[in-house]
Amino acid sequence: MRVTFREMRARHLHFDEIGSTMDAARREAKIGHFLLITAESQTRGRGTRGRPWKSPKGNIYFTIAVPRRLLPAARLSLYPLEMGIVLRKTAASFLPPANRENLKLKWPNDLLWEGRKAAGTLMESTADHLFVGIGINVREAPSITDGGTPSACLVEGGAAADCGLALAKSFFADLQSRLASPALENLPTEWKAKALWNKHFHLRDRADRPRIFPVDVNSEGHLRVRFDDGREEWLVSEYLA
Ligand code: BT5
């Protein structure tokens, strides 16, 4: 019998401090369960490609284990964009309505407040689960000294200083209900409507950190960028700072 999203069991574990919610989620995930691990601080928070994620108290750090067998392959390719859409929408619901449009996406799923990074997403997977790890700066915007995008926190946008845990739980519920519905056919269009355009970024991991402008996102979720000399390129995975 095929088990549907709505029949899945959900579990939540909360920690004051932890190494990384990604590792806890890997330890605790059980086949067929949605799992939410939340933490108030992390001692070994990580970003993509081994980069550190500063995780002081005052913010929220969480990982969701999504049972992989419920994710059709076709949906997986656009999953990073879909995570960004859900993250932006959930976070925006914690801001006063007048400020919500200032929350934008940076490809593929960073959350920007007034152009600075307020949340980042890390995706890892095993044969049974996809792990979606999110760090949201609620009260603290740590200083960024390693060449990454400058940081922001949601309190700057009017969020309540103590909303972190509620936000993580709300994202968990929103993600489950989103995944229970079919993927939107126009997902890239939906993503593009909420992204920050008309602003340059740098390709952080390339020699001389060339400056680019994001131009478009295609049906596979790739980003087209324009260099200062007019050249254009499609990016599949790359860090924009
Ligand atoms: C990310 O990586 O943006 C993914 C971050 C995912 C963190 C969550 S927290 C819960 C779960 N458990 C974990 O251990 N990780 C996940 P990336 O795009 O590679 O960005 C990393 C870069 O962001 C760093 O090199 C810094 O430049 C910058 N950075 C570090 N801490 C930050 C913070 N708190 N706020 C904004 N930027 C930060």
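One can find the structure itself at the top, above this paragraph.
All residue numbers refer to positions counted from 1 along the written sequence of the respective chain. Where local features are concerned, this predicted model is filtered to residues with pLDDT of at least 70; where side-chain atom pairs are given and counted, the filter is 80 or more; whole-chain, interface and lining totals use all residues. Here the side-chain values reflect all heavy atoms present in the structure, with hydrogen atoms and water set aside.

A.B. asks: How do you make sense of the overall build of the protein when you look at a structure like this?
C.D. replies: Helix and strand assignments come from DSSP, with helices taken as H or I runs of at least 4 residues and strands as E runs of at least 2, each series counted from the N terminus. The helix and strand tally for the protein stands at five helices and 11 strands. With the radius of gyration taken over C-alpha atoms, the globule rule is written as 2.2 Å times the number of residues to the power 0.38. Rg of the C-alpha trace for the protein: 17 Å, near the compact-globule value of 18 Å for 241 residues, within the 12% margin. Seen along its three principal axes, the alpha-carbon backbone of the protein occupies a region of about 55 × 40 × 35 Å. Across the 241 residues that make up the protein, the buried fraction comes to 49%. Note on contacts: a residue pair is in contact if any heavy atoms of the two residues lie within 4.5 Å. Across the protein, contacts joining residues at least 24 apart in sequence account for 61% of those joining residues at least 6 apart. Of the roughly 11,200 Å² of accessible surface on the protein, a fraction of 51% belongs to carbon and sulfur atoms. With 36 positive and 28 negative side-chain charges, the protein shows a spacing of 2 Å between the two charge centroids. For every residue, the accessible area (1.4 Å probe, protein chains only) is compared with the maximum for its type, and the residue is labelled buried under 20%, exposed over 50%, or partly exposed between those bounds. Per-residue and other accessible areas follow the Shrake-Rupley method at a 1.4 Å probe size, with only the shown protein chains counted as cover for residues. Here the positive residues are Lys and Arg and the negative ones are Asp and Glu; neither His nor the chain ends is included. Throughout, a charge is located at the NZ atom of Lys, the CZ atom of Arg, the CG atom of Asp or the CD atom of Glu.

A.B. asks: Is there a simple way to think about the site of the ligand in this case?
C.D. replies: Around the ligand, the surrounding shell holds 31 residues, and the nearest of these are S20, R46, T48, K117 and D146. Residue N137 places a side-chain N or O atom 2.8 Å away from a nitrogen atom belonging to the ligand. Coverage of the ligand by the protein chains reaches 98% of its 790 Å² of free accessible surface. Residue assignment for the shell around the ligand shows that the elements contributing at least two residues are α1 (21–28), β3 (60–67), β6 (116–125) and β7 (129–136). The element contributing the most residues to the shell around the ligand is β6, with four residues. Working definition: residue near molecule or strand if any one of its non-hydrogen atoms lies within 4 Å of it. We define a polar contact as two N or O atoms separated by no more than 3.5 Å, with the added condition that, inside protein, one atom must be a possible hydrogen donor and the other a possible acceptor, whereas residues neighbouring each other in sequence contribute only through side-chain atom pairs.

A.B. asks: Is there a simple way to explain the sheet that holds strand β4 (residues 103–106) in this structure?
C.D. replies: Each strand in a sheet pairs with its neighbour through backbone hydrogen bonds, running either in the same direction (parallel) or in the opposite one (antiparallel). Any two strands are treated as partners once DSSP identifies two or more bridges connecting them. The seven strands are arranged β1-β2-β3-β7-β6-β5-β4 in an open sheet whose pairing can be described as mixed. The sheet is open, and its two edges are formed by β1 (9–18) and β4, each paired on a single side. The average undirected angle you get between the axes of adjacent strands in this sheet is 20°. Pairing between β4 and strand β5 (residues 110–113): four bridges, direction antiparallel. Counterpart to L103 in the pairing with β5 is W113. Between the N-to-C directions of two axes lies an angle of 0 to 180 degrees, each axis being a line fitted to C-alpha atoms and, for a helix, fitted only over the stretch in contact.

A.B. asks: Honestly, the environment of E101 in this entry has me stumped. Any pointers?
C.D. replies: Residue placement: E101 occurs in the loop between α3 (79–92) and β4. Given a relative accessible area of 44%, E101 falls into the partly exposed group. Along the chain, E101 and V86 lie 15 residues apart, while their C-alpha atoms are 15 Å from each other.

A.B. asks: What's the story with the nonpolar core in this structure? I'm lost.
C.D. replies: Across soluble globular proteins, you tend to see nonpolar side chains buried next to one another. Core analysis: the largest hydrophobic core is formed by 34 residues, its most contacted members being F62, V66, Y79, I136, L154 and F171. Of all the elements in the fold, those that place two or more residues in this core are β2 (33–42), β3, α3, β5, β6, β7 and α4 (164–180). Excluding residues within four positions of it along the chain, L154 makes contact with A91, L95, L103, A118, I136, N137, V138, A159 and L167. Residues W191, A195, F201 and L223 belong to the second largest nonpolar core, which totals 19 residues. Here, nonpolar core refers to any group of buried Ala, Val, Leu, Ile, Met, Phe, Trp, Tyr and Cys residues whose side-chain atoms link them within 4.5 Å.

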